[in-house]
Amino acid sequence: MRPDLQIIQQWIEPNSRVLDLGCGDGTLLHYLKTAKQINEIGLEIDDQNILRCIEHGVNVIEQNLDQGLSNFQTNSFDTVLLTQTLQALSNPDQLVEEMLRIGKNGIVTFPNFGNWKSRIYLSTKGRMPVSKFMPNAWYDTPNIHFCTVKDFDTLCQDRNIKILTRTVVDSQHQGSWAMKAWPNFLGEIAIYHITKN
Amino acid sequence: MAMELPEDSVGIIEPQKIYIEEPLTLRSGKILPAYDIVYETYGNLNADKSNGLLVCHALSGDHHAAGYHSREEKKPGWWDTCIGPGKAIDTNLYFVVCMNNLGGCGGTTGPATINPETGNYWGPDFPVVTVRDWVNSQSVLMDKLGITKWAAVVGGSLGGMQVLRWAISYPEKLAHAICIAAAPKLSAQNIAFNEVARQSITTDPNFHDGYYLEHNTYPKQGLTLARMVGHITYLSDNAMRAKFGKTVADFENEGGNFGRDLRSGKLSFGFNVDFQVESYLHYQGERFSANFDANTYLLMTKALDYFDPSIDYGGDLSKAFVNSKCKFLLISFTTDWRFPPERSREIVNDLLKAGRKVTYLEINADQGHDAFLMPIPRYISSFKAYLRKVYQEICDAP
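Residues numbered from 1 in each chain as written. Chains lettered and ligands numbered in written order. Predicted model: local features only at pLDDT ≥ 70, side-chain atom pairs only at ≥ 80, totals over all residues.

**Q** Outline the overall build of chain B, supporting the account with residue identities and numerical values.
**A** The number of helices and strands found in chain B is eleven helices and twelve strands. Taken against the 2.2 N^0.38 rule, which gives 21 Å for 398 residues, the C-alpha radius of gyration of chain B at 21 Å falls within 12% of a compact globule. Counting the 398 residues in chain B, one finds 51% classified as buried. (Helix = DSSP H or I, 4+ residues; strand = E, 2+ residues; numbered from the N terminus. Rg over C-alpha atoms; globule rule 2.2 N^0.38 Å. Buried ≥ 20, exposed ≤ 12 C-beta atoms within 10 Å, placed from the backbone.)

**Q** Explain the overall build of chain A to me, using residue names and the numbers behind them.
**A** Within chain A, the regular secondary structure consists of eight helices and seven strands. For the C-alpha atoms alone, the extent of chain A along its principal axes is close to 45 × 35 × 30 Å. Per-residue burial for chain A yields a buried fraction of 42% across its 197 residues. At a minimum sequence separation of 6, the contacts of chain A that also span at least 24 residues come to 63%. (Contact = placed C-beta atoms within 7 Å.)

**Q** Give a detailed account of the domain arrangement of chain B, specifying residues and quantitative values.
**A** Its domain assignment divides chain B into domain 1 (16-185 + 309-396) and domain 2 (205-291). With 14 residues of domain 1 of chain B in contact, the opposing surface of domain 2 of chain B contributes 13 residues. (Domains from an automatic or database assignment.)

**Q** Describe the packing of helix α1 (residues 131-144) of chain B against helix α2 (residues 158-169) of chain B, listing the residues and the values that go with them.
**A** Residue and element names in this part refer to chain B. Interaxial distance between α1 and α2 falls to 9 Å at its minimum, and their mutual angle equals 70 degrees. Comparing the axis directions of α1 and α2 gives the class roughly perpendicular. As α1 packs across α2, the resulting crossing turns out to be right-handed. Together, V131, R132, W134 and V135 of α1 and M161, Q162, R165, W166 and S169 of α2 make up the contact between the two elements. For the contact of α1 with α2, the residue count by class is five nonpolar, two polar and two charged. (Axes fitted to C-alpha atoms, helices over the stretch in contact; angles between N-to-C directions. Parallel < 35°, antiparallel > 145°, perpendicular 65-115°, else oblique. Left-handed = near helix turned anticlockwise from the far one by under 90°. Nonpolar A, V, L, I, M, F, W, Y, C, P; charged D, E, K, R; others polar.)

**Q** Lay out the environment of B:S9 with the relevant residues and their values.
**A** Examined against the element boundaries, B:S9 turns out to sit in the segment before β1 (16-20). Aside from chain neighbours lying at most four places away, what touches B:S9 is B:G67, B:P76, B:D80 and B:G84.

**Q** Go over the interface of chain B and chain A, please, and point to the residues and values.
**A** Across the boundary between the two partners, chain B contributes 16 residues, which contact 13 residues of chain A. At the level of elements, α10 (341-353), β12 (358-363) and α11 (377-396) of chain B are the ones that each hand at least two residues to the side of chain B that touches chain A. Sort the elements by how many residues they give to the side of chain B that touches chain A and α11(B) lands first, with six residues. When the residues that make up the side of chain B that touches chain A are grouped by side-chain class, the tally is seven nonpolar, four polar and five charged.

**Q** Can you tell me about unusual backbone geometry, naming the residues and giving the values?
**A** Residues and elements named next belong to chain B. A positive phi angle, close to 50 degrees, is found at A181, a residue other than glycine. In this fold, A181 is placed in the loop between β10 (176-180) and α3 (188-202). With 32 C-beta atoms counted inside 10 Å, the residue A181 sits in the buried group. Positive phi, normally seen in glycine, also occurs at D209, with a value near 55 degrees. As for its placement among the helices and strands, D209 is situated in the loop between α3 and α4 (220-234). Classification of D209 as exposed rests on a count of 8 C-beta atoms within 10 Å.

**Q** Give me the lowdown on the environment of B:E7, citing residues and values where you can.
**A** If you trace the backbone, B:E7 turns up in the segment before β1. Taking the C-alpha atoms as reference points, B:E7 and B:H231, separated by 224 residues in sequence, lie 31 Å from one another.

**Q** An account of α3(B) is needed here, citing residue identities and associated values.
**A** Residues and elements named next belong to chain B. The end-to-end C-alpha distance of α3, which contains 15 residues, comes to 21 Å, matching closely the 21 Å that a straight helix rising 1.5 Å per residue would cover. The complete set of buried residues in α3 reads N194, A197, S200 and I201. Looking straight down α3, one finds that the buried residues subtend no more than 120 degrees of arc, so they occupy a single side. Among the exposed residues of α3, those oriented more than 90 degrees off its buried face are A188, Q189, A192 and E195. If you follow the buried residues of α3, they end up packed against α4 and α8 (294-306). (Expected span 1.5 Å × (residues − 1). Arc of directions from axis to C-beta.)

**Q** An account of the pairing of strand β2 (residues 39-44) of chain A is requested, with residue identities and associated values reported.
**A** Residue and element names in this part refer to chain A. Here β2 lies mainly inside the structure; five of its six residues are buried. Here five bridges tie strand β1 (residues 17-21) to β2, and the two strands are oriented parallel to one another. Residue pairing across strands places L19 opposite I41, the latter belonging to β2. Running through helix α2 (residues 27-36), the crossover from β1 to the neighbouring parallel element β2 is right-handed. Pairing geometry for β2 and strand β3 (residues 60-62), over three bridges, is parallel. Paired with E44 across the bridge in β3 is E62. Regarding the hand of the β-α-β motif, the stretch spanning β2, helix α3 (residues 47-56) and β3 is right-handed. (Pairing = 2+ DSSP bridges. Right-handed = clockwise from strand over helix to strand, strands pointing away.)

**Q** Could you give me a rundown of the pairing of β10(B), with the residues and numbers involved?
**A** Residue and element names in this part refer to chain B. With respect to burial, β10 is a largely interior element, five of its five residues being buried. The two faces of β10 match: H176, I178 and I180 on one face and A177 and C179 on the other face are all buried. Across four bridges, strand β9 (residues 152-156) lies against β10 in parallel orientation. Within β10, the position partnered with V154 by the bridge is I178. Running through α2, the crossover from β9 to the neighbouring parallel element β10 is right-handed. Across five bridges, the pairing between β10 and strand β11 (residues 327-333) is parallel. Bridge pairing in β11 places C179 opposite L330.

Structure, rendered in structure tokens:
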């Protein structure tokens, strides 16, 4: 299993209701279903991913996150997940708030644009960073709202969101003492466990 | 000429008939003392009777969902694209049952069958039946077949509404509800189209207040017109443009001609059939009127109009699903304007509100409402994948 999913799964209660926003091929939900007997719903828009979810036996709804989540009831889920999708949303701040309306807690992961590699790329080449992890050019990337660990911390503070845990890992999803010390500089992927204050 | 049957066909099928002696109390309060059910089955029921799958038919459908009645039959059953060995509803895995609904004209007791009390055709005296009554009678057939729980109940359009009713009325008796191109209830626009269809039938001079069979006739004009109107609502604008715009327009070079192909190459400057679309509708309508009972058409459209499971729950459909235990699969099609995707999403949202497990797909398709009968690759592959998973559940069950 992907190490970031390993980190996430420890925050999921057995038999809880989990909503995964942008659930991809359903790998995480399938794992949680097997390991924790969760009651799951995934939202996804990609045809192939939806088919994979069905093959995984994961409940999936074809729904575009940019059109909002008003069809979901307040407090109807225990945990709402948003993994590697935040940066692709039109209104990421609104969606994070919606997550915490629908769920008791939320888990958000995103690529940290404050990472040293991005900083060096931009400062030496003077161009928008492109990497294996973010391979698209600026004009055709689905990732339209990049942020850094510091930026997300600020958003949480502004919107009265409580950070239960913040972890950063590298692209191999390994953590280290140095990353704990300088998360915004060394972390490539940020993982947040949040709730309402 | 006798033809070679396709390999993925269920083959030659013989419809079966069962006489039900127990009375059925209808939603209207009327009682049907006894009745015949005509049905077909495809595939084999397994030893523990856990692989039963019920298919519910729509307005103009019947029990003949797949295969052929004879080698001379030109067209297979109405859902042959989806039912057969290796198809979405795989008859190698499932025991598929499809019955002609009460009030139908496929052999099940209805207006065109004899009322034993009078010795005459039921005609317009056949009681108005509802989706709920159909589902109750389907449950009776299920008991007769010795099946205690369907692996899935599946249907499109009016068939999808029966699926929803199953999930509400018989929560213990199905594991999966697959509801395709349906709506939680009809809109005023839907009802309006149905009323035009009914009016065209009942105002036909050959209708004879519904007793046309006694007069050895039937309201051919009215039924043709009803079907023409209905047929328009099953197709999308794009589907019609494509269907009637291929021969004149060279799409590559000149673009479409809006589906305005002429029947004889020139305008008649009269009130005859000028365009291919007119000719097509006439043909479809007439063919339909020769094979379908007008009173049945009236009953089926009423069943559609009356369908509203939220009615017992103060208008809140989500409350209707609170006791449902099955998982749900809903599918809609982008160009369906009879029951558009928004209508399916209403159902999905009420299922979510009720805390049910639901999967929902919105399939890009040009064919309008009729898409649910078409071999659209994404639709078929998802539908098939879902039912494979259901079968795996059956096999894994302790």
